[in-house]
Structures are given as C-alpha cells and as structure tokens.
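# Descriptive analysis of the structure
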Amino acid sequence: MLSRIAESLFWIGRYVERADDTARILDAHLQLLLEDPWVEEDLACRSLLAVMGATAPAEDVVVTRQDVLDTLAWDRTSPGSIAGSLTAARENARRAREVLSSELWEGLNTTWNALRRTTRWTPPEFFAWVRERAALVGGVVDATTPRDASHQFLVLGRSIERADMTARLIATRAVAGSAAPGWTTMLRSCGAYEAYLRTYRGREADRLAAEFLLLDPSFPRSVVYSLMRAESCLETLERGARRRGEEDARTVLGRIRSGLEYRPMLKLLGNLPEEMADVQRACSEASDAIKLRYFPSGVSDDWIGDPW
Amino acid sequence: MADLFEGYPRGAAWDEMMGPEPDGADGIRAPYQHVHRTMGALDADELRLRADALARSYLNQGVTFDIGGEERPFPLDAVPRVLDGAEWDHLAPGIAQRVRALEALLADVYGEQKVIADGVLPRRLILSSAHFHRAAMGIHPANGVRVHVAGIDVIRDSADGWRVLEDNVRVPSGVSYVLSNRRAMAQSFPELFSRMRIRPVADYPRRLLAALTAAAPPGVDDPVVVVLTPGAYNSAYFEHSLLARLMGVELVEGRDLVCAGDRVYMRTTEGRRRVDVIYRRVDDEFLDPVAFRPDSLLGCPGLINAARAGTVTIANMVGNGVADDKLVYTYVPDLIRYYLGEEPILANVDTWRLEEPEALAEVLDRLPELVVKPVDGSGGKGIIIGPAASRAELDAARTRLRADPRGWIAQPVVQLSTVPTLAGDSLRPRHVDLRPFAVNDGENVWVLPGGLTRVALAEGQLVVNSSQGGGSKDTWVLGSGRRRTTVAAEPPAAQPVTGVPLDTNPHDTAQGQHPQQEQQQQTRAGGEA
C-alpha cells in the first residue's frame, strides 16, 4: 500500500474518533452545567478548553458555554473541533478515495455536507448526530474494509485517538476538581455508565470509576483497552519483526500501558493530571513514530549520492 | 406574536403561577418569574416545537406507559412546576414524618399490636384490611425497615394548603419519570436551567441502592441486590429496567429466581447466584404462590419462607398495604401523635369513615357533591366523583356503599391547584397533584427534591392518574440552602493548565503541494480550452 494512502487511512481513523469523543465530552460537560446549578461556569469551561488542548481566552474574559461550543464544536477550520475534524476526515478520505469503499467515502462525504445544516441544531442534537455518524463510519469500516493493512491503519488511528481522548476526559475531572462533572457524568459520556455499574454492581466511588476508565481490560473505551488494541494493530502490521529500539511505536505504547497497568492505583490517582498528560504525550510520540516508520513521504529526502 | 398566556382564566382554582392581579402588578408568583418570562417570549409554534422534541426524545428512549397493551409515550408537559425552596423545606419533613409513622405502625401491626391494645386503632380495622397478610407476621426485616420506598401523594388548594391525599407504601411507581423528565427538560430548556438553581434529582438511584444494601440480611458482606419485575408487559416495565440499569443490578423475573433451603438464588450462566435483597415490583398476592395466590406465575415459590428465615430481604415488605389502606389513612394524624409524639406537619383531606352510621347517612345524602373511593384502590380505579357522575352512577354507588361500608371512604371534592399547561395553541390551567418519593435507609428518611407532578390534561378534569389519560410535569425545587461553599474556600488547581496539543495530519495544514496541484489542474484546463 502507498504510504500516502496509509497515512490518510490512519488519520481518517483518528479524526472520526476525535469528533465522536469530543462530542461525548462536550455533551457530558454541558449536561452538567445545566443539571447542577452549583457549577462555576467559567472555571469549568476553562479547564475543559485547556484539557482539550485549546488555548483559553485571556484571564479577565469570562468563558461561557458558548465559547466552548464555538471552539470545540462548530469551528470548521480547527482540527481540534468536531466540525473541523469531520472536515479533516473527509479531506483525508478524498486523498485515499480509490482504496476506500464507496460506502465509506459517501458516509464521510455526506457527514461533511450535512455539517452546514447542523449550525441550526441544538448542541445535544448535534452531539447525538455526530455520535451516530461516527458509529456509522465505524460500522462501514468494519463491514467493508478488507482485513489487510488498510483496516489495520484505520483501527490503529482510531485506537490511538481513543486512548488519547479518554485520557483527556479523565484529566478534565482531575484538573477542575469540584467544578468538573462527577465520575458518573464521565462514565456516561463514554457510554460506560451501564457497563461500569454492572461491573462494580452499582457501587459508585471515584476510585472505581477512574480505575474503570483507565484500566478495564474489556471495556472498549478504556485507556488500557485502546492502547492494547493499537499495539495489536502494530503487531499485525509488523508480524514477527523485532522492535526497533526505544522509539518504536510498540515500545512507546507498551511502556505507557504497562505503567498504567502495574503501578499502584493510589499512586496513579494522586497525580492524575500529570499521568494523563503522559498518556497523551505517549500517544503523540507513538503517532510520530508510526509516521516515521510507515509514512516517510513528508520527510524531504536529501540526495546524498549513490552510497556504493 | 400570539401570547401563549393570552386569555388565561384566573381565579377558578388556586393557580401556582398566576396569582390575583392587584393594580399594576402582573401577579406572577415568585418561583415562576423566570418560567413565565421565558414561556411568554416563545410563540405557540416554538413551544410546540420544543414540546414535540420532548415527545420524540421520550419515544426514542422508550419512556412509555402501557395502556391496554399499547405503548404510548408518557406525556410530559413543556411547562415545569416550580416549588420554592422554603415551600419544599416545609413539605419534605412532613413527608418524612408520615413515613416514619407508617413504619412504626407496620412494625407494630405485624408485631405486638400495641396500637390496638392502646385503643388508637380498632382491631377490626386491621383484620378487615384486604392487605393485612398473616404471612407477614413474625418476619423481622433486617434493619427494621419495611417501607424502603414510599410515595406520598399530596395536593394543595392554596399557598400553605398542602394536604396528603393518600399514602403509597406498597410499590409506589413513577420515579423513573422524575428522572427522565429532568433529562429531557434540561435539553429542551437549557436557558431556564442556567438561570434558575434547581435541585438535582439524579441522586435517587444511588440513594435507593444504599437503602437496599443497608437492608441486607445481617452478615452479608457484599449484598446482591436485584429488581424483581412482573415482566416486559407490565405497565411500569420501563421504570423497572431504568432503576435496575441505574443501580447496576440485575433485573429479574420470577422464573429467574429459585428458592432452595430457605435461600433465594438466581439462575445464571455460571450457575446459581445467591440473592440477598429483592426490590420487588410485583404485588404481594403474586409474590409467592406458596403463601398467596397459587396460580401466580410472576413470583417465586418459597420466597416468604426465605424472608422469614432471614436470608433474604424483600423491599418493600409484604403486607405493607395495611398502612396505605384508605381507612387507616384517616387515622394517620393520630398515629403520628401516638408513635412519634409530634404534631402532624401535613394535614389529611377531611374524610368520612362510612362504617360510622351517621357518616354513612350523611354521605349517602350528599353523594352528588362528594368523592368516594375504594379503600384499597390505586391508579384512580373505582373513584366516583359526585358532581361529575350521572344519576344512575350515583344510585349504583349508593347500593355499593350500603353493601360494603368498610370498602369505601368519602371526601369532599378538593379543588386541586392548577399550573399552566400546553393545550392546543395556548397555555391553560390544568389540575395537578404531586407524588414526592421518600427512601428510608433505616437511619433517616430522604425525600427526593420534587417528585412526580401529575397533570390532568383535560379541562376541569380532577383525576390525574396516568392510566386515566394524565400527563406529567417536571417538578423543580429551587435551591436555597445548599450552595457549594467549599469551592470558594479552596479554589481547585488554580495553576494554569496547559493541555497537550492535539496531533494533526501535517498534510492537512501545511500543504506545500496544494497550489501546485491546483495549478496542474488549471494548466490542463487551459490547454484544453
């Protein structure tokens, strides 16, 4: 497969997942702002923007829900917003159109076309729609992509993005303290609430909820599960090959995953924002490593003459 | 723009939003100021749009009520009912007081029966109650709680005129609508939620689970709680599944349970698993074919024996119906004084006990202006409203009352308060009642802020039960006391947080090739031309 195509597939996976997860995170935070009258809106919005990697407005400006929505939902030019990442996903699909099934291309293209209409919707409607479109794209990927390298790259992108986003979600809780939604809302936003309640039979404790989102080995949105999934994609792509030193993506992902898995839970919880930032950095590092290894086209090759 | 409130009739009944209009003032009662302003700014189409969104969200979520085998979305009215924090702080302790008295009554009735010996309640009254179950004698609940969940129906006819209409301590239903109403309303009217401080209700499943766990048989470390439902065709099935889901416990049917050796188990793929607490939504009579109706397919044979052996807790307890018998209801103020040594905070609606010959005579005489109800009824079944009944219906009622005076009570027609409700293209007053829910964990009785407001959707209609075509309103209790002061005390994580920037595909942004690719296109197009 062409590196360029593989790269596009990888990013389709990431962008669609990003739109999905951002919609979930925003939905949870906005619902909380509505349902719980004791939340400090400015603080909650600031921490949300910060954790999502967006630049917060100046200190003296009061940040409102509308600002958060503008930055993280509607902005079509920034790949950090929902509309932006859906646009970017479609751009990437356009570059890889010949290898995508037409169903997948149309799924992404229709989504992009419909973005124009969404500005009139209420945020919950928009978020629900985004989740639906992401689920549709995910379903089409699973149903129509041959299980060769192309599928691996799509899933690889999706899994890395998911690990990153779940880490951000957990970080919003840790950073904002009492202004952030409770763990219940956190779990809800990943669709994990019911699974969590069943796993721990209704006991609600901060420690358990954090543990579930971080470490649960069977819930597909937990950080550890997503990291394992990404690792297994890399393993399939490189079947049998040795790791290539410190910077190998598999090494990076494996290191952060085992760090989460084997560190005492209390230690993790004591330093959650920093730990989650580490996860995000590891995802970014792995993404760079993957790029170096598989998509080297972006690196300008200097002509150094014939080595022989 | 047609004002939704245009032509709103005032003064027929006590309206919770619209007070009298003294010169110049608009008469909007304080808790409703924001709601009135917001609703007043909408026109009929906009409100209709939002109301449709509410209904659609209910159909999608499956928030339905089963009427005669047909699933319908439970009608949720777009105008909320608002209670001031101070009003609520009067009402909630009254509800809790009542639950405590009924708990004491049940413990006594199924124990020493001192209340009879002391002459507060006639023995006849208890023994003749259809829901007094001898099977429940001698069962001692683990933490002394028999009423884990109660729904006390209250009505009001003036600002301070709260009265208790009836007690429900068997299997009160409706709390799921409180939870889902709130979610739906928050999505449809975000502007109101951001402006008003409304006490949240989402805590209920956690409180309920805590109460059920606390009621587990002694010595059980990590109790297994289940919700027992009659099955998917029950009218309240949505509620059963919602509660099980939100508590994270198994939703079981009778056939999933098996009793052996005075213990209750559920059948799972991994073999039998022990059950410690059963939050049952099956009526007493169907719970155990050994103790009650032998033809019941909904229960589990041997359940009562297991409960008597103390290996399983049934919540609410069997036999609670004796406490919400409508004739016992007339004694509740006395029972509060007798058991708690307190004055009742909430009054009853005046009620005639038809067993007293003078009362029966008076009621038969004044029947066209009274309401008569069966003592063990629920869901508004069998109620005869005098002013609305035909001559033939009244005659039939008289015969029935004479034949079975123990089976009926009579009350004056109470003018329920009204709240503006969407009717066609405008808002009109419709009668409402309120069912607050109380959860008793053995230590204290917690009352869910708000509760289920049921509204009679037809004009002038006084029966609000959902089985009689009633709808509901989201009930908002405005916050007052409980502010989060801790936030001000210690500002959390004040250091500026710098998030990790998101990765992007470099080809998306820095596109060096972009202009060249475009150029290629243009050159070719130009060449062809």
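Model, not experiment: these values are computed from the prediction. (Residues numbered from 1 in each chain as written. Chains lettered and ligands numbered in written order. Predicted model: local features only at pLDDT ≥ 70, side-chain atom pairs only at ≥ 80, totals over all residues. Heavy atoms only, no water.)

### Examining unusual backbone geometry
Residue and element names in this part refer to chain B. As a reminder, the rule being used: Numbering of helices and strands starts at the N terminus; helices are DSSP runs of H or I of at least 4 residues and strands are runs of E of at least 2. Exposure categories follow from relative accessible area, calculated using a 1.4 Å probe and restricted to protein chains: below 20% of the type maximum is buried, above 50% is exposed, and the middle band is partly exposed.
Each neighbour pair has its own omega, and for Ala315 with Asn316 the value is -10°, a cis peptide bond. Mapped onto the fold, Asn316 is located in the loop between strand S12 (313–315) and helix H12 (326–329). Positive phi, close to 60°, is recorded for Gln113, a residue that is not glycine. The topology assignment puts Gln113 in the loop between helix H3 (85–109) and helix H4 (114–117). We classify Gln113 as buried; its relative accessible area is 15%.

### Brief notes about the packing of aromatic side chains
Residues and elements named next belong to chain A. The criterion, for reference: Note on aromatic contacts: the rings of Phe and Tyr and the six-membered ring of Trp form a pair at centre separations within 6.5 Å, being stacked when their planes are under 30 degrees apart, edge-to-face when over 60 apart, and tilted otherwise. Definition used: whenever NZ (Lys) or CZ (Arg) falls within 6 Å of the ring centre and also within 35 degrees of the ring normal, the charge is taken to sit over that ring.
Tallied over the entire structure, the rule returns 20 aromatic pairs over all chains. Centroid distance Phe153 to Tyr294: 5.4 Å. Interplanar angle 80°. Geometry classified as edge-to-face. One end of the pair, Phe153, is in helix H7 (residues 149–176); the other, Tyr294, is in helix H14 (residues 272–294), and 141 residues separate them in sequence. Here Phe153 and Tyr294 have matching classes, each one buried. Ring geometry for Tyr294 against Phe295: centres 6.5 Å apart, planes inclined by 45°, an arrangement best described as tilted. With respect to class, Tyr294 is no different from Phe295; both count as buried. Note that Arg90 overlies the ring of Trp112, its terminal NZ or CZ placed 3.7 Å from the centroid. Its end group placed over the ring of Tyr294, Arg293 keeps NZ or CZ at 4.8 Å from the ring centre.

### Concerning the nonpolar core
Rules: In this text, buried Ala, Val, Leu, Ile, Met, Phe, Trp, Tyr and Cys residues form a nonpolar core when linked through side-chain atoms within 4.5 Å. Here, two residues are considered to be in contact whenever any of their heavy atoms come within 4.5 Å of each other.
Ile82(A), Leu214(A), Leu260(A), Val35(B), Met39(B) and Tyr204(B) are the most contacted members of the largest nonpolar core, which totals 166 residues. Sorting elements by how many residues they give to this core places helix H1 (residues 3–35) of chain A first, with 14 residues. Residues contacting Tyr204(B), with those up to four places away along its chain left out, are Val149(B), Val175(B), Leu179(B), Leu243(B), Phe437(B), Val439(B), Trp446(B) and Leu448(B). Counting residues in each nonpolar core, the second largest holds 75 residues, with Leu121(B), Phe132(B), Ile314(B) and Val328(B) among its members.

### Some details on the side chain of His151(A)
All names here are of chain A. Secondary-structure assignment places His151 in helix H7. Classification of His151 by relative accessible area gives buried; the value is 6%. Every residue in contact with His151, bar those within four places of it in the chain, is listed here: Val141, Asp142, Thr145 and Pro146.

### Structural notes on the confidence of the model for chain B
Residues and elements named next belong to chain B. Stated formally: On a range of 0 to 100, pLDDT expresses the predictor's confidence in each residue.
For chain B, per-residue confidence averages 84 on the pLDDT scale, and residues scoring 70 or more make up 88% of the total. For chain B, per-element mean pLDDT is lowest for helix H16 (residues 485–489), which scores 36, and highest for strand S20 (residues 437–440), which scores 96. Segment residues 481–495: pLDDT under 50, and 13 contacts once partners within four positions in sequence are set aside and those in other chains are kept. Contacts from residues 525–529, a stretch scored under 50 in pLDDT, to residues over four places away or in other chains number 0 contacts.

### With respect to helix H4 (residues 82–95) of chain A
Residue and element names in this part refer to chain A. Basically, it comes down to this: To estimate the expected span of a helix, count its residues, drop one, and scale the result by 1.5 Å. N or O atoms within 3.5 Å of each other form a polar contact, as long as, within protein, one can give a hydrogen and the other can take it, and as long as residues adjacent in sequence are counted only when both atoms are side-chain atoms.
Given a rise of 1.5 Å per residue, 14 residues ought to cover 20 Å, and the 20 Å separating the end C-alpha atoms of H4 matches this to within 8%. Of all 14 residues in H4, 11 are buried, a share of seventy percent or more. Taken residue by residue, H4 has Ile82, Ala83, Gly84, Ser85, Leu86, Thr87, Ala88, Ala89, Arg90, Asn92 and Ala93 as its buried positions. Residue Ser81 occupies the N-cap position of H4, its side-chain oxygen lying 3.0 Å from the main-chain nitrogen of Gly84.

### Structural notes on the sheet that holds strand S9 (residues 263–268) of chain B
Residue and element names in this part refer to chain B. Definition in use: Whether two strands pair comes down to DSSP finding at least two bridges between them. Axes here refer to lines fitted to C-alpha atoms; in helices the fit is confined to the stretch in contact. Angles between the N-to-C directions go from 0 to 180 degrees.
Reading across from one edge, S8-S9-S10 is the order of the 3 strands in this open sheet, with antiparallel pairing throughout. For this open sheet the edge positions go to strand S8 (257–260) and strand S10 (271–274), each flanked by a neighbour on one side alone. Strand-to-strand, the axes of this sheet are offset by a mean angle of 40°, without reference to chain direction. Bridge count between S9 and S10: 4 bridges; the pairing is antiparallel. Paired with Thr268 across the two strands is Gly271, which belongs to S10.

### Focus on helix H14 (residues 357–366) of chain B
All names here are of chain B. The test is simple: This arc is taken over the directions from the axis of the helix to the C-beta atoms.
The complete set of buried residues in H14 reads Ala359, Leu360, Val363 and Leu364. For H14, the buried positions fall inside an angular range of 130° around the axis, keeping them on one side. Residues of H14 that are exposed and point over 90 degrees away from its buried face: Pro357, Glu358 and Asp365. For H14, the secondary structure elements touched by its buried residues are strand S14 (352–353), strand S15 (370–374), helix H15 (391–403) and strand S17 (408–412).

### A short note on the sheet that holds strand S7 (residues 250–252) of chain B
Residue and element names in this part refer to chain B. Spatial ordering of the open sheet is given by S7-S6-S11-S12, a layout of 4 strands whose pairing is parallel. Taken across any chain shown, the strands that pair with only one partner, and hence form the sheet edges, are S7 and S12. Here the average twist between neighbouring strands, direction ignored, is 30°. In this fold helix H9 (residues 237–247) packs onto strand S6 (225–228), S7 and strand S11 (277–280), with an angle of close to 150° to the strand it touches most, S7.

### Examining the packing of helix H3 (residues 65–74) of chain A against helix H6 (residues 123–144) of chain A
Residue and element names in this part refer to chain A. This is how it is decided: An angle below 35 degrees is read as roughly parallel, one above 145 as roughly antiparallel, one from 65 to 115 as roughly perpendicular, and any other as oblique. Left-handed is the label given to a crossing in which the near helix is rotated counterclockwise from the far helix by less than a right angle, and right-handed is the label when the rotation is clockwise.
Between H3 and H6, whose axes approach to 13 Å, the crossing angle comes to 20°. Of the possible angle classes, the one that applies to H3 and H6 is roughly parallel. Helix-helix and strand crossings are classified by hand; for H3 and H6 the assignment is left-handed. For the pair formed by H3 and H6, the contact residues are Leu69, Ala73 and Trp74 on the first element and Pro123, Phe126 and Phe127 on the second.

### A short note on the environment of Asn320(B)
Residues and elements named next belong to chain B. You can see Asn320 is positioned in the loop between S12 and H12. Sequence-wise, Asn320 and His133 are 187 residues apart; in three dimensions their C-alpha atoms are separated by 8.6 Å. Those residues within four positions of Asn320 in sequence are excluded, and the remaining contacts are Leu106, Arg146, Val147, Val169, Arg170 and Asp284. Within the local environment of Asn320, its side chain forms a polar contact with the backbone oxygen of Val169, the two atoms lying 3.0 Å apart.

### Some words on the pattern of salt bridges
Residues and elements named next belong to chain A. The criterion, for reference: In the sections that follow, a salt bridge refers to a side-chain nitrogen of Lys or Arg positioned within 4 Å of a carboxyl oxygen of Asp or Glu.
If you walk through the whole model with that rule in mind, you get 55 salt bridges over all chains. Here Arg221 and Asp21 are joined by a salt bridge, their closest N and O atoms 2.7 Å apart. Taken as a pair, Arg221 in the loop between helix H10 (206–215) and helix H11 (223–237) and Asp21 in helix H1 lie far apart in primary sequence, 200 residues in all. Residue class for Asp21 comes out buried when judged on its relative accessible area of 5%. One salt bridge in this structure joins Glu235 and Arg250, with 3.3 Å as the shortest N-O distance. Here Glu235 is found in helix H11, whereas its partner Arg250 is found in helix H12 (residues 249–262), with 15 residues between them in sequence. The exposure class of Glu235 is partly exposed, given its relative accessible area of 36%. We classify Arg250 as buried; its relative accessible area is 2%. One network of salt bridges, in which partners are shared, links Glu17, Asp20, Asp21, Arg24, Arg162 and Arg221.

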